[in-house]
Amino acid sequence: MRERTLRKDRTEVTFILPADNPSGPVSVVGDFNGWQPGVHTLKARKDGKRAVTVELPSEGTHSFRYLAAGDYWFNDESARDQDGPNSRLHT
């Protein structure tokens, strides 16, 4: 799941996952962070989920995936678009 907040020249996208599925640390990894794990690690929230907010340029298209412990890559089930094996979002 994702939440969006539009700003004047950027879009803040919050990536949200359940607290325990999958277990262990999870990063959102994509073209916006050079596909580097650990740059955007999801953190626990008070509502029992975990999330991370990423600022992206407005009016762009971005490919991403999630990376969990044990080198487990997975896509965002709420993504409406795919880019090969990756999820894609439009800002």
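Up top is the structure.
We now turn to the structure provided with this report. Computed from a predicted structure; not experimentally measured.

### Here's the deal with the pattern of salt bridges
Okay, so step 1: Within this structure, the stated rule accounts for seven salt bridges.
Okay, so step 2: Residue Arg 7 pairs with Glu 12 through a salt bridge whose shortest N-O separation is 3.3 Å.
Okay, so step 3: Taking relative accessible area as the criterion, Glu 12 reaches 15% and is therefore assigned buried.

### Quick notes on the side chain of His 40
Okay, so step 1: As for its position among the elements, His 40 is in the loop between β3 (26-30) and β4 (43-44).
Okay, so step 2: Polar contacts involving the side chain of His 40 include one to the side chain of Asn 33, which spans 2.9 Å.

### Some remarks on the sheet that holds strand β2 (residues 10-18)
Okay, so step 1: Ordered in space as β1-β2-β5-β4, the four strands form an open sheet in which the pairing is antiparallel. Looking at strand neighbours, the two that pair on one side only are β1 (2-6) and β4, the edges of this open sheet.

### Considering unusual backbone geometry
Okay, so step 1: Cis peptide bonds are those with omega within 30 degrees of zero, and the linkage from Asn 21 to Pro 22 qualifies with 0°.
Okay, so step 2: On the secondary structure map, Pro 22 appears in the loop between β2 and β3.

### Points about the pairing of β3
Okay, so step 1: Counting buried residues along β3, five of its five residues qualify, which places the element largely inside the surrounding structure.
Okay, so step 2: Taken together, the five bridges between β3 and strand β6 (residues 61-68) define a ladder with antiparallel strand orientation. The residue of β6 that forms the bridge with Val 29 is Arg 65.

### Brief notes about the pairing of β1
Okay, so step 1: Note that β1 and β2 share five bridges and pair antiparallel. The partner of Thr 5 across the bridge, within β2, is Glu 12.
Okay, so step 2: Linking β1 back to β2 in an antiparallel pair, the connection comprises three residues.

### What about the packing of aromatic side chains?
Okay, so step 1: Taken as a whole, this structure holds six aromatic pairs when the rule is applied.
Okay, so step 2: Look at Phe 15 and Phe 64: their rings are 5.1 Å apart centre to centre, the planes differ by 65°, and that puts the pair in the edge-to-face class. Remark: Phe 64 occurs in strand β6 and Phe 15 occurs in strand β2; sequence separation between them is 49 residues.
Okay, so step 3: Owing to a relative accessible area of 0%, Phe 15 belongs among the buried residues under this scheme.
Okay, so step 4: An angle of 85° between the planes, with centres 6.3 Å apart, marks the rings of Phe 15 and Tyr 66 as edge-to-face. Of this pair, Phe 15 sits in strand β2 while Tyr 66 sits in strand β6, placing them 51 residues apart in sequence.
Okay, so step 5: Every member of this aromatic cluster is reached through a ring pair, and the members are Phe 15, Phe 32, Phe 64, Tyr 66, Tyr 72 and Phe 74.

Scoring rules and cut-offs
- Residues numbered from 1 in each chain as written.
- Predicted model: local features only at pLDDT ≥ 70, side-chain atom pairs only at ≥ 80, totals over all residues.
- Heavy atoms only, no water.
- Salt bridge = Lys/Arg side-chain N within 4 Å of Asp/Glu carboxyl O.
- Buried < 20%, exposed > 50% of the residue type's maximum accessible area, 1.4 Å probe, protein only.
- Helix = DSSP H or I, 4+ residues; strand = E, 2+ residues; numbered from the N terminus.
- Polar contact = N/O pair within 3.5 Å; in protein donor to acceptor, adjacent residues only side chain to side chain.
- Pairing = 2+ DSSP bridges.
- Phe/Tyr/Trp six-rings, centres within 6.5 Å; stacked < 30°, edge-to-face > 60°.

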